[in-house]
Amino acid sequence: MSHPTPAPQVDGSPPPSHEPVLEVRGLVKHFPLTQGIVFRRQIGAVKAVDGVDFRLHRGETLGIVGESGCGKSTVARLLMNLERPTAGQVLYKGEDITRLSGRALKAVRRNIQMVFQDPYTSLNPRMTVGDIIGEPFEIHPEVAPKGDRARRVRELLDVVGLSPEYINRYPHQFSGGQRQRIGIARGLALNPEIIICDEPVSALDVSVQAQVINLMERLQAEFGLAYLFIAHDLSVVRHISDRVAVMYLGRVVELGDDREIYEHATHPYTQALLSAVPVPDPAARADRDRIILTGDVPSPAAVPSGCRFRTRCFKARDRCAREEPLLTVPEPFRDRSTPAGHPSACLFAAERGTGEGNGASST
Amino acid sequence: MSTLLEVTDLHVEFRTRDGIAKAVDGVSYAVQAGQTLAVLGESGSGKSVTAQAVMGILDSPPGRITAGRIAFHGQDLLTMPERERRAVRGARMAMIFQDALSALNPVLSVGHQLAEMFTTHRGTSRKDARAKAVELMDRVRIPAARQRAGDFPHQFSGGMRQRVMIAMAIALEPELVIADEPTTALDVTVQAQVMDLLAELQREMDMGLILITHDLGVVADVADHIAVMYAGRIVETAPVHRIYAAPAHPYTKGLLESIPRLDRKGRELYAIKGLPPSPHHVPPGCAFNPRCPLARDRCRTEQPPLYEVAAGRTSACHYWHECLHGTRDSGTPEGAGR
Ligand SMILES: Nc1ncnc2c1ncn2[C@@H]1O[C@H](COP(=O)(O)OP(=O)(O)OP(=O)(O)O)[C@@H](O)[C@H]1O
Ligand SMILES: Nc1ncnc2c1ncn2[C@@H]1O[C@H](COP(=O)(O)OP(=O)(O)OP(=O)(O)O)[C@@H](O)[C@H]1O
Ligand code: SF4
Ligand SMILES: [Mg+2]
Ligand SMILES: [Mg+2]
């Protein structure tokens, strides 16, 4: 089992503020893969997260996009300390939270909240909406005294656009989108510093989505909240994020600000991803310049040698099988000020439509 | 082209502690063989409940179909003998659910659940069914299908569970597939593959597809027709290429304007003002009136019918020409150019 290379100094553009509130270093999570029913033995490992580094600053939104199954939710769960990392550190204001327990952990947890991907399974079906949103106050009574809780819950319902008259209803009585808003209200309850959002708006219609995003941005401006925003909708991510990390098979493969990623992507996977974004215009149906990825999606239990994207990459060459590209600013773009000069883990990084796979920079 | 499914004036109610909720309040739509109908609309507007009524999987009680007709090849499923109805719903139509995790059995392996489709409906032998299951997992592009067939649903990522669901739905090659947000949990490259896959099956088998989604990009890419829902009713229907260019209902217009666009970065997104109505207190007149920029007195008292605004286009707005043409006078209906 190869060990992840120690974190090179990678970060996209200058951060919106100085100190990171959260810093992730060499994060790894492997799940054992077992076989046999009576005698289960380990035959390998699912490398769900396989060496991830990034920083999140106060008041910043870092978007995470990437293939289904590339480890986004696992990263989120590791940050929430819901899962123990196989290796690596998660530093909250400089302190490694993966080593905390008891009261110290509880104190940190108050400040890092999560909004989950699945609005169906993440809400307890036997609790009323009022109890679900108010539950964090049971664990952290210092935030809202008992007499004030019902009022706070109503306020939170109002904030996320749900009628306070719903307070005694159960989750199954709501639509998918309504449930997602309950999850967001709950995430906001403790006034956290960081909210990890795992596809918080995927289940919403675009108008409610717009309301929720506007709300999140307002709360961010007001309280300096930092968001880690995981989503598949690239235009939503672009709208809300200061920087975007693109993941593939357990690793971040490209990192940069919105212009760097969306207009000057240099990693072939990012380019393929962007080319597949459906455009809300039926007239554009025919003339999309989609990069179709061929080859099988590799299993995270059998990560390819060298570059992990090479089995599907339209630029791959022999060298890609031997050498592992690191997440750094690619050689041709160093010492030049160009938006293409941001971290990208590709040996032949180039902007789309420029120098075919020889690492040549744009002219 | 023949009409595969026709839903007419469907009403579904839920009896809850807070009273009766009219979740579906007179919905009509039709799907042709080989065609894709996209159903869009507000969260909570009854898109999934309508689909559940068609599939016969309504949560009932408390849910109840109080009126309407659901015709499959011209035969009303609601009055058909139970045995026939089951045969239709078991094999000739299938559904891909919004929430893959709760639709899959958590204590059975994914391979087993797929194989079961063949053993129960087709009498396939266990061994062959197993092989077919792996083949299906391959077809929906689950990596290392053979090795992962023994895994349980919780061991898959959200997107991969969704692919398992799709495999399950297409296993018996149904004539109609209802896909309730089939790609919400998928990244765009896999989404494109899944939509291509559904399109391919559609061509091969002349399959009809009802696609329930919030993704206006996907709709623009694959739909033939669109139905937009609001508060339990259809508010607009149109061929796909017409609606994006010129919506005929203010709700549709608001939806289209809410899509994040480049020039909105750093600014607030447009959002329709106000809250969606509770299904217990739907406003009188047009349900959209408290949020509508065009609303006038008539809208608060008189419920708009589905006006025919052009050939194959309807809108449930009294002032549809104003919406369509952006003028206050009652211009001539469009559609001459179709
Ligand atoms: N408890 C577990 N046991 C074994 N494998 C797991 C477990 N949890 C996750 N995995 C695997 O780890 C990988 C990453 O999963 P994760 O849920 O983090 O993906 P994701 O990027 O969030 O995907 P999606 O976009 O589909 O939600 C997947 O291959 C998944 O099957
Ligand atoms: N089992 C139930 N009991 C009571 N009310 C229900 C039940 N199921 C659905 N409803 C209500 O019926 C209405 C329609 O719900 P439905 O799930 O069809 O919405 P939807 O259009 O699919 O929304 P979304 O886009 O958010 O999935 C909602 O107001 C919902 O609260
Ligand atoms: S390093 Fe090679 S295989 Fe990897 S992305 Fe670049 S070109 Fe493709
Ligand atoms: Mg996930
Ligand atoms: Mg639904």
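Everything numeric here is computed off the predicted structure, so don't read it as measured data. (Residues numbered from 1 in each chain as written. Chains lettered and ligands numbered in written order. Predicted model: local features only at pLDDT ≥ 70, side-chain atom pairs only at ≥ 80, totals over all residues. Heavy atoms only, no water.)

Peer 1: Explanation requested: the side chain of Gln271 of chain A in the structure shown.
Peer 2: Residues and elements named next belong to chain A. In this fold, Gln271 is placed in helix H9 (residues 268-275). Within polar-contact distance, the side chain of Gln271 engages the backbone oxygen of Ala350 at 2.9 Å. Excluding its chain neighbours within four sequence positions, the residues that come into contact with Gln271 are Ala265, Thr266, Ile291, Phe314, Ala350, Glu351 and Arg352. (Helix = DSSP H or I, 4+ residues; strand = E, 2+ residues; numbered from the N terminus. Polar contact = N/O pair within 3.5 Å; in protein donor to acceptor, adjacent residues only side chain to side chain. Contact = heavy atoms within 4.5 Å.)

Peer 1: What is the right way to look at the packing of helix H4 (residues 110-122) of chain B against helix H5 (residues 126-139) of chain B in this model?
Peer 2: Any two packed helices are characterised by how steeply their axes cross, that is the angle between the axes, and by the distance between the axes. Residue and element names in this part refer to chain B. At a minimum axis separation of 8 Å, H4 and H5 run at an interaxial angle of 120 degrees. Comparing the axis directions of H4 and H5 gives the class oblique. The two elements H4 and H5 meet at a crossing, and its hand is right-handed. Contacts from Val110, Gly111, His112, Leu114, Ala115, Phe118 and Thr119 in H4 reach Arg126, Ala129, Arg130, Lys132, Ala133, Leu136 and Met137 in H5. Of the residues that constitute the contact of H4 with H5, the class distribution is eight nonpolar, three polar and three charged. (Axes fitted to C-alpha atoms, helices over the stretch in contact; angles between N-to-C directions. Parallel < 35°, antiparallel > 145°, perpendicular 65-115°, else oblique. Left-handed = near helix turned anticlockwise from the far one by under 90°. Nonpolar A, V, L, I, M, F, W, Y, C, P; charged D, E, K, R; others polar.)

Peer 1: It is not clear to me how the domain arrangement of chain B should be interpreted in this structure. Could you clarify?
Peer 2: Much of the literature gives interface size as the accessible area that the parts lose upon coming together. Split by domain assignment, chain B resolves into domain 1 (102-171) and domain 2 (246-325). Centre-to-centre separation of domain 1 of chain B and domain 2 of chain B, based on C-alpha positions: 42 Å. (Domains from an automatic or database assignment.)

Peer 1: Where do I start with the state of the cysteines in this structure?
Peer 2: By definition, a disulfide links two cysteine residues through a covalent bond between their sulfur atoms. Summed over the entire model, instances satisfying the criterion amount to zero disulfides over all chains. Cys317 of chain B provides the cysteine sulfur closest to Cys292 of chain B, a residue in no disulfide bond, and the two sulfurs are 5.9 Å apart. (Disulfide = S-S within 2.5 Å.)

Peer 1: Looking at this structure, how should I read the environment of Val46 of chain A?
Peer 2: Residues and elements named next belong to chain A. Among the structural elements, Val46 can be located in strand S2 (residues 41-57). For Val46, a relative accessible area of 14% translates into the label buried. In sequence terms Val46 and His30 are 16 residues apart; their C-alpha atoms lie 5.4 Å from each other. (Buried < 20%, exposed > 50% of the residue type's maximum accessible area, 1.4 Å probe, protein only.)

Peer 1: Would you take a moment to explain the site of ligand 1 for this structure?
Peer 2: Around ligand 1 there are 22 residues in total, and Gly69, Ser73 and Thr74 of chain A together with Gln155 and Gly159 of chain B lie nearest to it. Residue neighbours of ligand 1 fall on chains A and B, so the site bridges chains. One of the backbone nitrogen or oxygen atoms of Gly69 of chain A is found 2.6 Å away from an oxygen atom of ligand 1. Here an oxygen atom of ligand 1 and a side-chain polar atom of Arg148 of chain B are 3.4 Å apart. Looking at the shell around ligand 1, the element that brings in the most residues is helix H1 (residues 72-79) of chain A, giving four residues. (Near = heavy atom within 4 Å.)

Peer 1: I would appreciate a short explanation of unusual backbone geometry in the present structure.
Peer 2: What is expected of a backbone is that most residues other than glycine have negative phi and most peptide bonds are trans. Residues and elements named next belong to chain B. Here the bond from Ser60 into Pro61 is cis, since omega is -10 degrees, no more than 30 degrees from zero. Here Pro61 lies in the loop between helix H1 (47-55) and strand S4 (63-72). Pro62 follows Pro61 through a cis peptide bond whose omega is 10 degrees. Inspection of the secondary structure puts Pro62 in the loop between H1 and S4. Notably, His73 is not glycine yet its phi reads approximately 50 degrees, a positive angle. As for its placement among the helices and strands, His73 is situated in the loop between S4 and strand S5 (75-76). According to the relative accessible area criterion, His73 is partly exposed, its value standing at 39%. Positive phi values are uncommon outside glycine, yet Glu173 reaches one of about 50 degrees. Residue placement: Glu173 occurs in the loop between helix H7 (158-170) and strand S7 (176-180).

Peer 1: In this structure, what is going on with the site of ligand 2? I would like to understand it.
Peer 2: Ligand 2 sits among 24 residues. The nearest are Gln173 of chain A together with Gly44, Ser48, Val49 and Asp59 of chain B. The site occupied by ligand 2 is bordered by residues of chains A and B. Residue Lys47 of chain B places a side-chain N or O atom 2.9 Å away from an oxygen atom belonging to ligand 2. Residue Asp59 of chain B places a side-chain N or O atom 2.8 Å away from a nitrogen atom belonging to ligand 2. Within the complex, the protein chains bury 94% of what would otherwise be the 640 Å² of accessible surface of ligand 2. Those elements that provide at least two residues to the shell around ligand 2 are helix H5 (176-188) of chain A together with strand S1 (3-16) and H1 of chain B. Looking at the shell around ligand 2 residue by residue, the class counts come to six nonpolar, 14 polar and four charged. (Areas by Shrake-Rupley, 256 points an atom, 1.4 Å probe, with all protein chains shown as cover.)

Peer 1: Would you mind showing me how to read the sheet that holds strand S10 (residues 251-257) of chain A here?
Peer 2: Sheet strands pair via backbone hydrogen bonds, and the direction of the pair is either parallel or antiparallel. Residues and elements named next belong to chain A. Across the sheet, six strands lie side by side as S6-S7-S8-S3-S9-S10; this open sheet has mixed pairing. Edge positions in the sheet fall to strand S6 (112-115) and S10, since each has one partner strand and no second. Strand-to-strand twist of the sheet, defined as the mean angle between neighbouring strand axes without regard to direction, takes the value 20 degrees. Taken together, the four bridges between strand S3 (residues 61-66) and strand S8 (residues 226-230) define a ladder with parallel strand orientation. Looking at the pairing, Leu62 lines up with Leu228 of S8. On top of the sheet, H9 reaches S3, strand S9 (243-248) and S10; it is set at about 105 degrees to S9, its chief contact. (Pairing = 2+ DSSP bridges.)

Peer 1: Can you walk me through the packing of aromatic side chains in this structure?
Peer 2: The way to describe two aromatic rings as a pair is by their centre distance and the angle between their planes. Per the counting criterion, the structure on display carries six aromatic pairs over all chains. Ring geometry for Tyr248 of chain A versus Tyr269 of chain A: centroids 4.9 Å apart, planes at 55 degrees, classification tilted. Linking Tyr248 of chain A in strand S9 with Tyr269 of chain A in helix H9, this pair joins segments that are 21 residues apart in sequence. In terms of burial, Tyr248 of chain A and Tyr269 of chain A fall into one category: buried. Aromatic side chains Tyr251 of chain B and Phe288 of chain B sit 5.6 Å apart centroid to centroid with 75 degrees between the ring planes, which places their arrangement in the edge-to-face category. (Phe/Tyr/Trp six-rings, centres within 6.5 Å; stacked < 30°, edge-to-face > 60°.)

Peer 1: Quick question: what am I supposed to make of the pattern of salt bridges here?
Peer 2: A side chain of one charge can pair with a side chain of the opposite charge when the charged atoms of the two come close. Scanning the entire structure with this criterion turns up 32 salt bridges over all chains. Between Arg352 of chain A and Asp289 of chain A there is a salt bridge whose closest N-O contact spans 3.2 Å. Here Arg352 of chain A is found in the segment after helix H10 (318-322), whereas its partner Asp289 of chain A is found in the loop between H9 and H10, with 63 residues between them in sequence. Two residues, Arg296 of chain B and Glu322 of chain B, come together in a salt bridge whose shortest N-O distance is 2.8 Å. In this pair, Arg296 of chain B is assigned in the loop between helix H11 (250-257) and helix H12 (297-301) and Glu322 of chain B in helix H13 (residues 320-325), connecting sequence segments 26 residues apart. Given a relative accessible area of 7%, Glu322 of chain B falls into the buried group. Through salt bridges with shared partners, a single ionic network connects Asp148, Arg151, Arg152 and Glu155 of chain A. (Salt bridge = Lys/Arg side-chain N within 4 Å of Asp/Glu carboxyl O.)

Peer 1: For this particular structure, what's the right way to read the sheet that holds strand S2 (residues 19-32) of chain B?
Peer 2: Residues and elements named next belong to chain B. A sheet is described by the order of its strands in space; here four strands give the open sequence S2-S1-S4-S5, paired in antiparallel fashion. Across the chains shown, the open sheet's two edge strands, defined by having one partner strand only, are S2 and S5. Relative to S5, S4 is paired through two bridges, and the arrangement is antiparallel. Counterpart to Ala71 in the pairing with S5 is Asp76. Along the sheet, H1 makes contact with S1, S2 and S4, crossing S1 at roughly 110 degrees.

Peer 1: Can you walk me through the environment of Ile43 of chain A in this structure?
Peer 2: All names here are of chain A. Positionally, Ile43 belongs in strand S2. Exposure remark for Ile43: the relative accessible area of 43% places this residue in the partly exposed category. In sequence terms Ile43 and Ile97 are 54 residues apart; their C-alpha atoms lie 30 Å from each other.

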